[in-house]
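Listed below are the residues making up each chain.
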Amino acid sequence: MYRRILVPLEHSSYDRVIIDHVRQLASLCGSSIVLIHVADGWAARNQQSLKLRESEEMRVDRDYIEGLCAQLRGEGFETESLLAGGDPASEIASAADREQCDLIAMATHGHKGLQDLLYGTTANGVRHRTMVPVLMVRGPVGGRPR
């Protein structure tokens, strides 16, 4: 059913929840997995336009996502990794189209009310910017965002 699954990661304890879920889904569907992390610090948002070198934060993020990619490959999954910079929701939606993904699977923090308005912007933004189906899996209560 799903040939290619885009998995946004935030380099936090929430990543394990979505990776564990996607492992099972990709096994059932024979899907390839595309991991993406969107660095959204000042340097990451302006790297292309100002021709900046990769920041230390971005190097750490790249190592992290490439490590997870290698781990999944070692388990037999066809996996790629992407590091983007800018607005997370826009970059995730764009990557889903560009990489021809037919599912976006992401962890959410499970905020409610005002907290959702303040902190739930990425998941909400993704679902409003894409026509690709979005699977949201709630992370652990009290999980540690980065």
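Residues numbered from 1 in each chain as written. Predicted model: local features only at pLDDT ≥ 70, side-chain atom pairs only at ≥ 80, totals over all residues. Heavy atoms only, no water.

(A) Summary view of the packing of helix α4 (residues 88-98) against helix α6 (residues 121-129). Two elements in contact, α4 and α6, have axes whose closest approach is 8 Å; the angle formed by their N-to-C orientations is 40 degrees. Here α4 lies oblique to α6, going by the angle between them. Crossing hand, α4 versus α6: right-handed. Two secondary-structure elements touch here, α4 through P88, A89, S90, I92 and A93 and α6 through T122, G125, V126 and R129. (Axes fitted to C-alpha atoms, helices over the stretch in contact; angles between N-to-C directions. Helix = DSSP H or I, 4+ residues; strand = E, 2+ residues; numbered from the N terminus. Parallel < 35°, antiparallel > 145°, perpendicular 65-115°, else oblique. Left-handed = near helix turned anticlockwise from the far one by under 90°. Contact = heavy atoms within 4.5 Å.)

(B) Representation of the confidence of the model for the protein in the model. The share of residues in the protein with pLDDT of 70 or more is 78%, and the mean pLDDT across the chain is 84. No element of the protein has a lower mean pLDDT than helix α5 (residues 114-119), at 48, and none a higher one than strand β1 (residues 4-9), at 97. Of the regions scoring below 50 in pLDDT, residues 113-118 engages in three contacts with residues more than four places distant in sequence or in other chains. (pLDDT = per-residue confidence, 0-100.)

(C) Structural detail: the pattern of salt bridges. Considering all chains together, one arrives at six salt bridges under this definition. E99 is the salt-bridge partner of R4, the closest N and O atoms lying 3.1 Å from each other. Here the residue R4 occupies a position in strand β1, and E99 occupies one in the loop between α4 and β4 (103-108), the gap between them amounting to 95 residues. A salt bridge links R98 to E99; the shortest N-O distance between them is 3.9 Å. The exposure class of R98 is exposed, given its relative accessible area of 52%. In this structure E99 comes out as buried when scored by relative accessible area, which is 17%. Members of the salt-bridge network, linked through shared partners, are R4, E80, R98 and E99. (Salt bridge = Lys/Arg side-chain N within 4 Å of Asp/Glu carboxyl O. Buried < 20%, exposed > 50% of the residue type's maximum accessible area, 1.4 Å probe, protein only.)

(D) Main features of the sheet that holds strand β2 (residues 32-39). With parallel pairing, the five strands of this open sheet are ordered in space as β3-β2-β1-β4-β5. Two strands bound the open sheet, and with one partner strand each, they are β3 (79-85) and β5 (134-138). Ignoring strand direction, the axes of neighbouring strands in this sheet form an average angle of 25 degrees. Its contacts with the sheet put helix α1 (residues 14-29) on β1, β2, β4 and β5, and the angle it makes with β1 is roughly 170 degrees. With respect to the sheet, α6 is in contact with β4 and β5, its orientation differing from that of β4 by roughly 160 degrees. (Pairing = 2+ DSSP bridges.)

(E) Fine view of the nonpolar core. One finds I5, V7, L9, I18, V22, I33 and L35 to be the most contacted residues of the largest nonpolar core, which totals 21 residues. Those elements that place two or more of their residues in this core are β1, α1, β2, α3 (56-74) and β4. At six residues, the largest contribution of residues to this core is made by α1. Here L35 is in contact with V7, L9, I19, I65, L68, C69, L72, T79, E80, S81 and L82, once residues within four sequence places are set aside. Within the second largest apolar cluster, 16 residues are counted, among which are L6, L82, A95 and M106. (Core = buried A, V, L, I, M, F, W, Y, C linked by side-chain atoms within 4.5 Å.)

(F) Layout of the side chain of D102. Position of D102 relative to the elements: it lies in the loop between α4 and β4. Residue D102 is classed as buried on the basis of its relative accessible area, which comes to 18%. Reaching out from D102, the side chain makes a polar contact with the backbone nitrogen of R3 at a distance of 3.0 Å. The residues touching D102, leaving out its near neighbours within four places in the chain, are M1, Y2, R3, R4, V132 and P133. (Polar contact = N/O pair within 3.5 Å; in protein donor to acceptor, adjacent residues only side chain to side chain.)

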